[in-house]
Amino acid sequence: MNTTQNAKAFAAEKAVSLIESGMKLGLGTGSTAKIAIDLLGKRVAEGLRIVGIPTSQRSAEQALALGIPLTNFEETPRLDLTIDGADQVLPGSLQLIKGLGGALLREKIVAFASDRYLIVVDESKIVSELGGKVPVPVEVVEFGWNTTVERLTKIGARPVPRRDAAGALYRTDTGNLIADCFFEQIKDAGRLEIEIKSIVGVVECGLFLGLKPEVIVGTLAGARIL
Ligand code: A5P
């Protein structure tokens, strides 16, 4: 494991240690959430009784392979705790950018259905200002996609259509497309979220605000909670 992987593992370990038998969980997406799901699988194998709602197809496949029982919002409309990663974290307000893994829509639905929201990151995700090199992923329906992307430029974004490894437009689990929207600096994330979501054709954006996450930061010396 390299140093970043070690730091992520410390954060994931701390988060998984907070899970108790009987809990209903949200299972995140991304490399840090993947470590947490692996650790959860070990605890389930040792007898921990939980159920989980995955935020992506790949997290669902990982959980099933580990024997983690899955549920859905019809059976389980409210979750006790969710563990997920993030792409940027602003300390203080604890505003987040998420979705570089492409699962932002399900991740946001799961986040808002959770009583506790644990974000597991390494220190590189902590920033003094949102935006810059990290885009805000915006999930857009395919119909009229180019017109939606054009409207995103009108609110100051530099949108880049996300592509998969083969060069085709990236498809989310819900079948939508993603425009990665670069902003030089995001001074008012709340206002920007409203502007983005007011654009017809936009399904969701990667600004995660007002969720009061408990951010667990993995470092080489262990984990600390912001
Ligand atoms: C997935 O869609 C994202 O929101 C991830 O949570 C985010 O990209 C963090 O992933 P890493 O833990 O791999 O950095």
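Residues numbered from 1 in each chain as written. Predicted model: local features only at pLDDT ≥ 70, side-chain atom pairs only at ≥ 80, totals over all residues. Heavy atoms only, no water.

Asks: I'd like a rundown of the overall build of the protein chain, residues and numbers included.
Replies: Helices and strands together make up the secondary structure of the protein chain, namely 6 helices and 13 strands. With the C-alpha coordinates aligned to their principal axes, the bounding extent of the protein chain is approximately 55 × 35 × 35 Å. Looking at the protein chain as a whole, 52% of its 226 residues qualify as buried. Pairs at least 24 residues apart make up 76% of the contacts formed inside the protein chain by residues separated by at least 6 positions. When the accessible surface of the protein chain is split by element, carbon and sulfur atoms take 53% of a total near 10500 Å². Distance between charge centroids for the protein chain: 2 Å, based on 26 positive and 27 negative side chains. (Helix = DSSP H or I, 4+ residues; strand = E, 2+ residues; numbered from the N terminus. Buried < 20%, exposed > 50% of the residue type's maximum accessible area, 1.4 Å probe, protein only. Contact = heavy atoms within 4.5 Å. Areas by Shrake-Rupley, 256 points an atom, 1.4 Å probe, with all protein chains shown as cover. Lys, Arg positive; Asp, Glu negative; His and termini not counted. Charge placed at Lys NZ, Arg CZ, Asp CG, Glu CD.)

Asks: Summarise the packing of helix α2 (residues 31–45) against helix α3 (residues 57–65); cite the residues concerned and give the values.
Replies: At a closest axis distance of 9 Å, the pairing of α2 and α3 adopts a crossing angle of 20°. Between α2 and α3, the crossing angle belongs to the class labelled roughly parallel. Taken as a pair, α2 and α3 cross one another with a handedness that is right-handed. Across the interface between the two elements, K34, I37 and D38 of α2 pack against S59, Q62 and A63 of α3. (Axes fitted to C-alpha atoms, helices over the stretch in contact; angles between N-to-C directions. Parallel < 35°, antiparallel > 145°, perpendicular 65-115°, else oblique. Left-handed = near helix turned anticlockwise from the far one by under 90°.)

Asks: Account for the site of the ligand, with residues named and values stated.
Replies: Residues in contact with the ligand amount to 16 residues; listed here are only the nearest, S31, T32, D87, E107 and K125. Between an oxygen atom of the ligand and a side-chain N or O atom of K125, the distance comes to 2.5 Å. For the ligand, the accessible surface in isolation is 380 Å², of which the surrounding protein chains cover 91%. For the shell around the ligand, the residue count by class is 3 nonpolar, 8 polar and 5 charged. (Near = heavy atom within 4 Å. Polar contact = N/O pair within 3.5 Å; in protein donor to acceptor, adjacent residues only side chain to side chain. Nonpolar A, V, L, I, M, F, W, Y, C, P; charged D, E, K, R; others polar.)

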